[in-house]
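Residue-level structure breakdown
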Amino acid sequence: MRPGRNGSVSSLCPTADLSRPALSLCLLNASTRLQVLATALALGIGRIGWAPGVSHLSTPMLHVDGPADEPVQADGDIVGTLPATFSVAPEALRMLTGS
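So, here's what we can say about the structure. Note that the structure is predicted; figures quoted are calculated from it, not measured.

A short note on the overall build of the protein chain
Secondary structure summary: the protein chain contains one helix and six strands in total. Reading the protein chain from its N terminus to its C terminus gives the helix and strand order β-α-β-β-β-β-β. Counting the 99 residues in the protein chain, one finds 15% classified as buried. Taking the intrachain contacts of the protein chain between residues at least 6 apart in sequence as the baseline, contacts between residues at least 24 apart amount to 49%. Of the accessible surface of the protein chain, which amounts to about 7700 Å², a share of 59% is contributed by carbon and sulfur atoms.

Structure (structure tokens):
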């Protein structure tokens, strides 16, 4: 998988970069059904990064708060509960990537 790509063929977070020590966030601000549909269509054609209501942020740490003990998923698996803090590891994990 290339950086900035989710499991499909579309680019979810085009600003993601494995060489930077930061988390790349793609925030979807869709408050109506029509906006959700437009965002889903943009994702389907690989244009989610530039869809209206989509913001990109980069941060070394992210704290997520919400109802206590609410499950947190990562890659489809439950990995913990809220509140949760995510950060960039100080030591790099060596990965093989294509050129």
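Moving on from the model shown.
Some words on helix 1 (residues 33-44)
Here helix 1 is twelve residues long and its end C-alpha atoms lie 16 Å apart, about the 16 Å a rise of 1.5 Å per residue gives. G46 occupies a position one or two residues after helix 1 and carries a positive phi of about 80 degrees.

Rules and cut-offs
- Residues numbered from 1 in each chain as written.
- Predicted model: local features only at pLDDT ≥ 70, side-chain atom pairs only at ≥ 80, totals over all residues.
- Heavy atoms only, no water.
- Helix = DSSP H or I, 4+ residues; strand = E, 2+ residues; numbered from the N terminus.
- Buried < 20%, exposed > 50% of the residue type's maximum accessible area, 1.4 Å probe, protein only.
- Contact = heavy atoms within 4.5 Å.
- Areas by Shrake-Rupley, 256 points an atom, 1.4 Å probe, with all protein chains shown as cover.
- Expected span 1.5 Å × (residues − 1).

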